[in-house]
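# Descriptive analysis of the structure
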Number of protein chains: 2
Amino acid sequence: MENKKQEYPQKTVPECPFLPLRPSYMVRDDEFFMKLAYNQALKAWNMGEVPVGAVIEFGGEVIAQAHNMVESMRDPTAHAEILAMTQAARKLEDWRLNGTTLYVTKEPCPMCSGACVMGRVSRVVFSIPDPKMGFLGGVLKFHDIPTLNHSIQVESGVLFDECSKLLKTFFALKRAKP
Amino acid sequence: MENKKQEYPQKTVPECPFLPLRPSYMVRDDEFFMKLAYNQALKAWNMGEVPVGAVIEFGGEVIAQAHNMVESMRDPTAHAEILAMTQAARKLEDWRLNGTTLYVTKEPCPMCSGACVMGRVSRVVFSIPDPKMGFLGGVLKFHDIPTLNHSIQVESGVLFDECSKLLKTFFALKRAKP
């Protein structure tokens, strides 16, 4: 190769001060599934990743759980949502994810919002809105663009305090690191 | 699982009437790389996929080649561009694809346009514009959204006649099938 890639310093991440939540399996509501997504986000943090987690539900069951793996897989497409969608499609043996709900701790980025549309996810529930990078309400509403031929039901704010504290603490500790 | 997924009929695809192009390795211009992307699209067709192909260039070399695999991988995220970006990142050992050019036979969908931004691809060259699903000029210009913090140089129309004929013939033959 003629050009040489710029070398980035290996980024270290401060230790995660949060413990996993313990959702009650008796009530499978949005908070239940978001708690599982939150626990996925903790796993991401413990691997040195920005803590974002996702869970996909179908027929009341969890069919996919994943977290951000961009740094460890060295893959820009390895967001929690993309990895979860791949898992869910494998489980359902169909790339069409109609009938599923995707839970994610942060509003999906343009790539993941687009993937929800292309993968025909029926419902997306995210916790923290992202006015800069979120494309299911923040910067744009992908789910309202008529030419895309697939509309998604979008809800937000579930488990907001926990997910917000998690992400804010992560970035605060990272900035504070010498 | 409580719910049952809807069964979709196995779709068969008409035989591909096109032959691979033979790009000259003497001149590595946009047309050269797009011809390789076109040949990837032919491979997709021959596997029963919508014929879209992508190639990623870095420092004058091809570092990734892929085609649409949604049906065969049963994965909504298995678009040519996503698979090529994953390959390229593995090759460069970095998720940041700065300095690369992505060539694709059709304007990227919202997911793939978003992935180009998130993956920091420097330049995207696509052949056929897509006013309904394209997000690098068609429906929207992702590369011009200031909050996304990464701008992409976008060009289109390279090898337009060949790529357009390929996709139009594919859908015409598919519709004509009894």
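Just so it is clear, the structure is predicted and the values come from calculations on it, not from any experiment.

### Thoughts on helix 5 (residues 160-176) of chain A
Since one α-helical turn is 3.6 residues long, residues separated by three or four positions face the same way. All names here are of chain A. For helix 5, with 17 residues, the first-to-last C-alpha span of 24 Å sits near the 24 Å given by 1.5 Å per residue. All of the buried residues along helix 5 are Cys-163, Ser-164, Leu-166, Leu-167 and Phe-170. Taken end-on, helix 5 shows its buried residues confined to a sector of 160 degrees, consistent with a single buried face. Every exposed residue of helix 5 that faces more than 90 degrees away from the buried side is listed here: Asp-161, Lys-165, Lys-168, Arg-175 and Ala-176. In this structure, the buried residues of helix 5 make contact with helix 1 (30-46), strand 3 (101-106) and strand 4 (123-128).

### Quick look at the packing of helix 3 (residues 80-92) of chain B against helix 4 (residues 110-118) of chain B
Residues and elements named next belong to chain B. Here helix 3 crosses helix 4 at 25 degrees, and the two axes come no closer than 9 Å. With respect to their mutual orientation, helix 3 and helix 4 come out roughly parallel. Note on packing geometry: the crossing formed by helix 3 with helix 4 is left-handed. Two secondary-structure elements touch here, helix 3 through Glu-81, Ile-82 and Met-85 and helix 4 through Met-111, Cys-112, Ala-115 and Cys-116. Across the contact of helix 3 with helix 4, the residue classes break down as six nonpolar, no polar and one charged.

### What about the interface of chain A and chain B?
Listed per partner, the contact involves 48 residues of chain A and 48 residues of chain B. Of the roughly 4,300 Å² buried at the junction of chain A and chain B (both faces included), carbon and sulfur atoms supply 68%. Secondary-structure elements contributing two or more residues to the side of chain A that touches chain B are strand 2 (61-67), helix 2 (70-73), helix 3 (80-92) and helix 4 (110-118) of chain A. With seven residues, the single largest contributor to the side of chain A that touches chain B is helix 3 of chain A. Residue classes in the side of chain A that touches chain B are distributed as 24 nonpolar, ten polar and 14 charged.

### Here we look at the sheet that holds strand 5 (residues 153-156) of chain A
All names here are of chain A. Taking strand neighbours across the sheet as the criterion, the five strands line up as 2-1-3-4-5 in an open arrangement whose pairing is mixed. Each having just a single partner strand, strand 2 and strand 5 make up the two edges of the open sheet. In this sheet, neighbouring strand axes are inclined to one another by 15 degrees on average, regardless of whether the strands run parallel or antiparallel. Of the strand pairs in this sheet, strand 1 (residues 53-58) and strand 3 are connected by four bridges, and their pairing is antiparallel. Bridging from a neighbouring strand, Ile-56 pairs with Leu-102 of strand 3. In the packing of helix 3 onto the sheet, contacts are made with strand 1, strand 2 and strand 3, and the angle to strand 2 comes to roughly 145 degrees. Each of strand 3 and strand 4 touches helix 5; the most contacted strand, strand 4, lies at about 60 degrees to it.

### As for the pairing of strand 1 of chain A
All names here are of chain A. In terms of burial, strand 1 is largely enclosed, as six of its six residues are buried. Where burial is concerned, the two faces of strand 1 agree: the one with Gly-53, Val-55 and Glu-57 and the one with Ala-54, Ile-56 and Phe-58 are both buried. As judged from the six bridges shared by strand 1 and strand 2, these two strands associate in the antiparallel manner. Looking at strand 2, one finds that Ile-56 is bridged to Ala-64. Linkage of strand 1 to strand 2, two consecutive antiparallel strands, is achieved through a turn of two residues, within which Gly-59 is found at a positive phi near 60 degrees.

### Side note on the pattern of salt bridges
All chains considered together, the criterion is met by twelve salt bridges over all chains. A salt bridge links Arg96(A) to Asp94(A); the nearest nitrogen and oxygen atoms lie 2.8 Å apart. Of the two residues, Arg96(A) and Asp94(A), both sit in the buried class. The salt bridge partner of Arg123(B) is Glu155(B), with a shortest N-O separation of 3.1 Å. Here Arg123(B) is found in strand 4 (residues 123-128), whereas its partner Glu155(B) is found in strand 5 (residues 153-156), with 32 residues between them in sequence. According to the relative accessible area criterion, Arg123(B) is buried, its value standing at 14%. Through salt bridges with shared partners, a single ionic network connects Asp30(A), Arg123(A) and Glu155(A).

### Structural notes on the environment of Ala80(A)
Residue and element names in this part refer to chain A. Following the sequence through the fold, Ala-80 ends up in helix 3. Along the chain, Ala-80 and Val-55 lie 25 residues apart, while their C-alpha atoms are 8.5 Å from each other. For Ala-80, the contacting residues outside a window of four places in its chain are Val-52, Gly-53, Ala-54, Ala-66, His-67 and Asn-68.

### Focus on the confidence of the model for chain A
Low-pLDDT stretches of the model should not have their predicted coordinates read in fine detail. Here chain A averages 93 in pLDDT, and 93% of its residues register 70 or above. Reported confidence for the predicted complex is 0.91 by ipTM and 0.92 by pTM.

### Some thoughts on the packing of aromatic side chains
Centre-to-centre distance and the angle between the planes together describe a pair of aromatic rings. A full pass over the atoms with the stated rule returns 17 aromatic pairs over all chains. Judged by centre distance (5.1 Å) and plane angle (25 degrees), the rings of Phe33(B) and Tyr103(B) are stacked. Pair noted here: Phe33(B) is in helix 1 (residues 30-46) and Tyr103(B) is in strand 3 (residues 101-106), with a separation of 70 residues, a long-range link. The class for Tyr103(B) is buried, based on a relative accessible area of 2%. Seen in terms of ring centroids, Trp45(B) and Phe170(B) are 5.0 Å apart; in terms of plane orientation they differ by 80 degrees. Their pairing is edge-to-face. Pair noted here: Trp45(B) is in helix 1 and Phe170(B) is in helix 5 (residues 160-176), with a separation of 125 residues, a long-range link. Site record: aromatic cluster; members linked through ring pairs are Phe18(A), Trp45(A), Phe170(A) and Phe171(A).

Procedures and definitions
Here the residue numbers are simple positions, counted from 1 along each chain's written sequence. Chains and ligands are labelled sequentially in the order written, the chains with letters from A and the ligands with numbers from 1. The predicted nature of this model means local features are confined to residues of pLDDT at least 70 and side-chain atom pairs, given and counted, to a pLDDT of 80 or more, with totals for whole chains, interfaces and linings taken over all residues. Hydrogen atoms and water are omitted, and side-chain values are computed over all heavy atoms in the structure. Numbering of helices and strands starts at the N terminus; helices are DSSP runs of H or I of at least 4 residues and strands are runs of E of at least 2. The span one expects for a helix is its residue count, reduced by one, times 1.5 Å. Exposure is judged per residue with a 1.4 Å probe applied to protein chains only, and the accessible area is read against the type maximum: over 50% gives exposed, under 20% gives buried, and values in between give partly exposed. It is the directions from the helix axis to the C-beta atoms whose arc is reported. Every residue pair with non-hydrogen atoms within 4.5 Å of one another is taken to be in contact. Axes, fitted as lines to C-alpha atoms, cover a helix only where it is in contact. Angles between the N-to-C directions of the axes lie from 0 to 180 degrees. Should an angle lie under 35 degrees it is considered roughly parallel, over 145 roughly antiparallel, and from 65 to 115 roughly perpendicular; all remaining angles are considered oblique. Take the far helix as your reference; a near helix turned counterclockwise from it by less than a right angle gives a left-handed crossing, and one turned clockwise gives a right-handed crossing. Gly falls in the polar group here, along with every residue not listed as nonpolar (Ala, Val, Leu, Ile, Met, Phe, Trp, Tyr, Cys, Pro) or charged (Asp, Glu, Lys, Arg). Two parts placed together each lose some accessible area under a 1.4 Å probe, and adding up what both lose gives the buried area. Here the rule is simple: two strands pair whenever DSSP picks up at least two bridges between them. Criterion for a salt bridge: a side-chain nitrogen of Lys or Arg within 4 Å of a carboxyl oxygen of Asp or Glu. Per-residue confidence from the predictor is reported as pLDDT, a score between 0 and 100. Each Phe, Tyr or Trp ring, with Trp reduced to its six-membered ring, pairs with another whose centre is within 6.5 Å; inter-plane angles below 30 degrees give stacked pairs, above 60 give edge-to-face pairs, and intermediate values give tilted ones.

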